[in-house]
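Letter by letter, the chains look like this.
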Amino acid sequence: MTVLVSRFALIAVLALSACDDKPPAKPTPAKTVQKSAPAQPPVVAAPAAVAASSPLAQTINAAAFDPAATDPEAHRNLLVRVQTLLDRAHFSPGVIDGRDGTNLTLAIKAFQASRGQTADGQITQQLIDTLTAGDGGPVLVDYTITAQDEAGPFSPPIPKDDYEAMAKLPALNYQTPLEMLAERFHMDEALLQALNPGVDFGAAGTTIVVTAAGADTLDRKVDRIEIDKAIGQVRAFDKDNTLLAVYPATVGSTERPAPSGEWAVRTLAPNPTYTYDPSRLTFGKPKGKLTIKAGPNNPVGSTWIDLTKDTYGIHGTPDPKLVNKRASHGCVRLTNWDAAELGSAVNKGAKVVFMGAEARAK
């Protein structure tokens, strides 16, 4: 990817193209990181919220583990509850969609390991009990769409690879109220629609059912970040080596690998712009350099965490449901909300350790 310039960053220009698509130099040998065993993460309390009033929402809020259950809807309901509780505990499953998948399994494994349990990635009664021990709040709540939500602003739909059309827009905003609300509450659009059948998400005053996602902040500063290229996962630790958060991530590809070894956070750029430079990239059709304005649908999302490895960073994405599903051009891609959460707490100079090797082809 290319140069990022933020209106709010402390730096004016990141001088080299981000996630350069040219073959990278020979990777720096990985350094051995000496560290003690991670301390157990803090218990995260449920956000103050009132349970949603719809019968379906109440059923999901009370969803219980039943090893003999075969009903697909009951399974979906339990997954929504588990995903939301994991999200609030900062063990992100990525998009909350009520579906089984790799990101959910990885989040469960990480949570189990942090609590000294067998890390098998399975939903069990022990998992439910541990998740709810410090968080007994509802996972679905009511939300009333506001006039501000209705007003946007929204951007017109544009193909993801039409960089010339993107560059003509004043901002890369959400395209619809549905997309905006789904991302705000860490949800898949299809799940938001399923919980609110027939609803007009652009109508102010309408009450809808959403997940009670926690605030996109951490209660301590991030002093070290581990990026596991083999499984697609980012882990954040504080100065005492306490695990603070775990996120699913798209990390490079076998053809365009991410860096190896130990680097550091150079700076944070919220609301970054994106520069398409055909002299440094092998994808896309434009023949000239283009600057794409900031916004959640910008090619690098709404947050850029710049690394001391030139042209590389940790950033958001306009396609949250594809995180850890497709390869990248070398950078580390998170959902916009996970990137914002990590960016809100990361220390400048925090260590960033890349480990493992990419398993996903371009």
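Our subject is the structure that appears above.
Reading the values: rules and limits
Residues numbered from 1 in each chain as written. Predicted model: local features only at pLDDT ≥ 70, side-chain atom pairs only at ≥ 80, totals over all residues. Heavy atoms only, no water. Helix = DSSP H or I, 4+ residues; strand = E, 2+ residues; numbered from the N terminus. Buried < 20%, exposed > 50% of the residue type's maximum accessible area, 1.4 Å probe, protein only. Contact = heavy atoms within 4.5 Å. Pairing = 2+ DSSP bridges. Phe/Tyr/Trp six-rings, centres within 6.5 Å; stacked < 30°, edge-to-face > 60°. Axes fitted to C-alpha atoms, helices over the stretch in contact; angles between N-to-C directions. Parallel < 35°, antiparallel > 145°, perpendicular 65-115°, else oblique. Nonpolar A, V, L, I, M, F, W, Y, C, P; charged D, E, K, R; others polar. Salt bridge = Lys/Arg side-chain N within 4 Å of Asp/Glu carboxyl O. Core = buried A, V, L, I, M, F, W, Y, C linked by side-chain atoms within 4.5 Å.

### Let's talk about the environment of Gly 343
Phase 1 of the analysis: By the secondary structure assignment, Gly 343 is in helix α9 (residues 336-345).
Phase 2 of the analysis: Taking the relative accessible area as the measure of exposure, Gly 343 reaches 7% and is therefore buried.
Phase 3 of the analysis: Distance in space between the C-alpha atoms of Gly 343 and Trp 304 is 7.9 Å, their sequence separation being 39 residues.
Phase 4 of the analysis: Gly 343 has contacts with Leu 268 and Ile 305, leaving out every residue within four places of it along the chain.

### Side note on the sheet that holds strand β4 (residues 233-237)
Phase 1 of the analysis: Taken together, the nine strands give an open sheet; going across it, the order is β5-β4-β3-β13-β7-β10-β11-β12-β6, and neighbouring strands pair in mixed fashion. The sheet is open, and its two edges are formed by β5 (243-248) and β6 (250-251), each paired on a single side.
Phase 2 of the analysis: Relative to strand β13 (residues 346-355), strand β3 (residues 222-228) is paired through six bridges, and the arrangement is parallel. When the bridges of β13 are listed, Asp 228 appears paired with Met 355.

### Some details on the packing of aromatic side chains
Phase 1 of the analysis: A complete count under the given rule lists three aromatic pairs for this structure.
Phase 2 of the analysis: Seen from their ring centres, Phe 91 and Phe 111 are 5.3 Å apart, and the 90° between their planes marks the pair as edge-to-face. Of this pair, Phe 91 sits in the loop between α2 (72-88) and α3 (102-114) while Phe 111 sits in helix α3, placing them 20 residues apart in sequence.
Phase 3 of the analysis: Arranged with centres 6.3 Å apart and planes meeting at 20°, the rings of Tyr 163 and Tyr 274 form a pair that is stacked. Residue Tyr 163 is found in helix α6 (residues 163-167), and its partner Tyr 274 is found in strand β8 (residues 274-276); the two are separated by 111 residues along the sequence. A single burial state applies to Tyr 163 and to Tyr 274, both of which are buried.

### Some points on α9
Phase 1 of the analysis: The buried fraction of α9 is high, at eight of 10 residues.
Phase 2 of the analysis: Inspection of α9 places Asn 336, Trp 337, Asp 338, Ala 339, Glu 341, Leu 342, Gly 343 and Ala 345 among the buried residues, and these make up the whole buried set.

### What about the pairing of β5?
Phase 1 of the analysis: Most of β5 is tucked away, with six of its six residues classed as buried.
Phase 2 of the analysis: Counted along the chain from β4 to the antiparallel partner β5, the turn is five residues long, and its residue Asn 241 has a positive phi close to 70°.

### Remarks on the packing of α3 against helix α4 (residues 125-133)
Phase 1 of the analysis: Contact geometry of α3 with α4 gives a least axis separation of 11 Å together with a crossing angle of 75°. By the angle between their directions, the pair α3 and α4 is classed as roughly perpendicular. Two secondary-structure elements touch here, α3 through Ile 108, Phe 111 and Gln 112 and α4 through Leu 127, Thr 130 and Leu 131.
Phase 2 of the analysis: Residue classes in the contact of α3 with α4 are distributed as four nonpolar, two polar and no charged.

### Points about the pattern of salt bridges
Phase 1 of the analysis: Tallied over the entire structure, the rule returns 10 salt bridges.
Phase 2 of the analysis: We note a salt bridge from Arg 88 to Asp 135, for which the minimum N-O separation is 2.7 Å. On the criterion of sequence distance, the pair formed by Arg 88 in helix α2 and Asp 135 in the loop between α4 and β1 (140-144) is long-range, its members being 47 residues apart.
Phase 3 of the analysis: Notably, a salt bridge pairs Asp 240 with Lys 239, separated by 3.6 Å at the nearest N-O pair. Here Asp 240 matches Lys 239 in class, with each residue exposed.
Phase 4 of the analysis: Through salt bridges with shared partners, a single network forms among Arg 224, Glu 226, Asp 228 and Arg 235.

### Considering the nonpolar core
Phase 1 of the analysis: In this structure, Val 82, Leu 86, Leu 140 and Leu 181 are the most contacted members of the largest nonpolar core, which totals 45 residues.
Phase 2 of the analysis: Per-element tally for this core: the top contributor is α2, with six residues.
Phase 3 of the analysis: Judged by nonpolar contacts, the second largest core, of 26 residues, contains Ile 225, Tyr 247, Ala 258 and Val 346.

### Observations regarding unusual backbone geometry
Apart from glycine, the bulk of residues carry a negative phi angle, and the bulk of peptide bonds sit in the trans form.
Phase 1 of the analysis: Looking along the chain, the bond that leaves Gly 152 and enters Pro 153 is cis, with omega of 10°.
Phase 2 of the analysis: Here the phi dihedral of His 186 falls at roughly 60°; this positive angle occurs in a residue that is not glycine.
Phase 3 of the analysis: On the basis of relative accessible area, His 186 is assigned to the buried category, the value being 2%.
Phase 4 of the analysis: Despite not being glycine, Asn 324 shows a phi value in the positive range, around 65°.
Phase 5 of the analysis: In this fold, Asn 324 is placed in the loop between β11 (313-315) and β12 (332-333).

None of this, on its own, says anything about what the molecule does.
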